[in-house]
Amino acid sequence: MTTRPTRALAVTALTGVLAGGLTLLTAGAAQAHSLTSSTLAVRVGEEQVEATVSVAADTLDAVLGGSPTDALVSSYLAEHLTVTGTDDSTWTETWSPVVRETVEGIDSYRVDVVLDPGGGDPSVFTLAYDGVLEVDASHEAVVVLTDAAGDVSTAGVLTATDDSLTIGDAGSLGTGLTDMVGYGLHHVLEGADHLLFLLTLLLVAPVVAVAGRWRRGDGVRPTLRSVLAVVTAFTVGHSLTLLASALGWVTAPSAPVEVLIAVSVGVAAVHALRPLARRGEVLVAGGFGLVHGLAFAGILTDLGLGGATSVPALLAFNVGVELAQLLTVALVFPSLYLLSRTRWYPAVRTTGALIALVAAATWALDRLGWLADPLAGVEEALVAHPWWVVAGLAALAAVARVSAPAVGEEHVAPVSGRRVPARVP
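The model shown is predicted, which means the values in this text are computed figures rather than measured ones. (Residues numbered from 1 in each chain as written. Predicted model: local features only at pLDDT ≥ 70, side-chain atom pairs only at ≥ 80, totals over all residues. Heavy atoms only, no water.)

1. Side note on unusual backbone geometry
Item 1. Here Val132, not a glycine, exhibits a phi torsion of approximately 70 degrees, which is positive.
Item 2. Within the fold, Val132 resides in the loop between strand 7 (125–129) and strand 8 (140–146).
Item 3. According to the relative accessible area criterion, Val132 is buried, its value standing at 1%.
Item 4. Within the chain, Arg279 stands out as a residue other than glycine whose phi angle is a positive 55 degrees.
Item 5. Turning to its location among the elements, Arg279 is positioned in the loop between helix 8 (254–273) and helix 9 (280–302). (Helix = DSSP H or I, 4+ residues; strand = E, 2+ residues; numbered from the N terminus. Buried < 20%, exposed > 50% of the residue type's maximum accessible area, 1.4 Å probe, protein only.)

2. Thoughts on the sheet that holds strand 10 (residues 164–167)
Item 1. In space, the three strands of this open sheet follow the order 3-7-10, with antiparallel pairing throughout. The open sheet terminates on both sides in strands that have one partner only, identified here as strand 3 (81–84) and strand 10. Each neighbouring strand pair of the sheet contributes to a mean axis angle of 20 degrees, computed without reference to strand direction.
Item 2. The sheet contact formed by strand 7 and strand 10 spans four bridges and is antiparallel. Among the inter-strand pairings, Thr126 is bridged to a residue of strand 10, identified as Thr166. (Pairing = 2+ DSSP bridges. Axes fitted to C-alpha atoms, helices over the stretch in contact; angles between N-to-C directions.)

3. Focus on the packing of helix 6 (residues 192–202) against helix 11 (residues 345–367)
Item 1. Two elements in contact, helix 6 and helix 11, have axes separated by 10 Å at closest approach and are oriented at 150 degrees. Relative to helix 11, the element helix 6 is oriented roughly antiparallel. In this structure, helix 6 meets helix 11 at a crossing whose hand is left-handed. Residues Ala192, Asp193, Leu196, Thr200 and Leu202 of helix 6 touch helix 11, and the partners they reach there are Tyr345, Ala356, Ala359, Trp363 and Arg367.
Item 2. Broken down by class, the residue content of the contact of helix 6 with helix 11 amounts to seven nonpolar, one polar and two charged. (Parallel < 35°, antiparallel > 145°, perpendicular 65-115°, else oblique. Left-handed = near helix turned anticlockwise from the far one by under 90°. Contact = heavy atoms within 4.5 Å. Nonpolar A, V, L, I, M, F, W, Y, C, P; charged D, E, K, R; others polar.)

Taken by themselves, the reported measurements are silent on function.
Structure follows, in structure tokens:
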């Protein structure tokens, strides 16, 4: 039989595994959204083409070694962008001064360039770009196209293995929408704040709120219904604001939205520690899902996607977001449910909630400009090894099931002829 001190030590050590995994997940969220992707917004005119190249400052600084001058930034981008016409002639490029701006709380370089076709057809050309891609195989460059009629679409996503595309190709729209699904998928999987918000809400799916305290849930089906309710509420919330923003019905500055996302993680964490309301996780998921949708919309607006003509691309991006959400639930929730059937789960839930609360506080302070995020930089380890968190939770669940007595029917107390789940500290 496992002694109480030994069991306590094991619980402490193994929840530390969870803490380490979640710390990797939470670190550097203020930078997770755009460090791994650049954008090229291309606008086709009647006589020439204009483009805007946007790259995260930290990303380009790392490539160029330090804090480059504006001249060096322009020179580097010009060296790695080539546009050729249908006659294989290289178009002349005229670069504007470098602009430093903040997008989703991330410092970025933005540079405009005018592309002169030299009398050729400006609607059909081949764009080749390998900035950052040449040294980072995981980097991507999203190309958003506005044609001469003002219609907006996603032309494609450039990668290290495919760094060029032909604009004006009749098949480019379908490819662009497929790429946009992948962009939405990767955006969420690389966005720690969105993921941590969802994971913190999932912490309470296996338990129920009774008299202001968490009590152990009773069975798989009620737990799955709880997960479905949370996921659906989050989906409806962020889909509504994403679409409303695309149609121009709602606008919001990015800075307060990013702060509110940090607040959403904090509220979810407080709810995981002590229920704010019965089924409060559904209310939190739906209410703050509206805020997360505004953040998604801000990203796409920066890509040049806006208005009714861009709705297909926005919907494709949203499909990618949903796929990432479902993938996260499928990989993480089974371990959480197995843990919930052991005596260790209160400690796991509390540890996870406290980590989320700390992360939310550091993000909020960082995004308000009051404190540099002390966890920044660790996100690269997570992106490189995304299975650490999944494997850590699975290992924790396996050891807990072996070391701790399973929760059986004797822990469900009858009240007024009904079974009420036992209280969870």
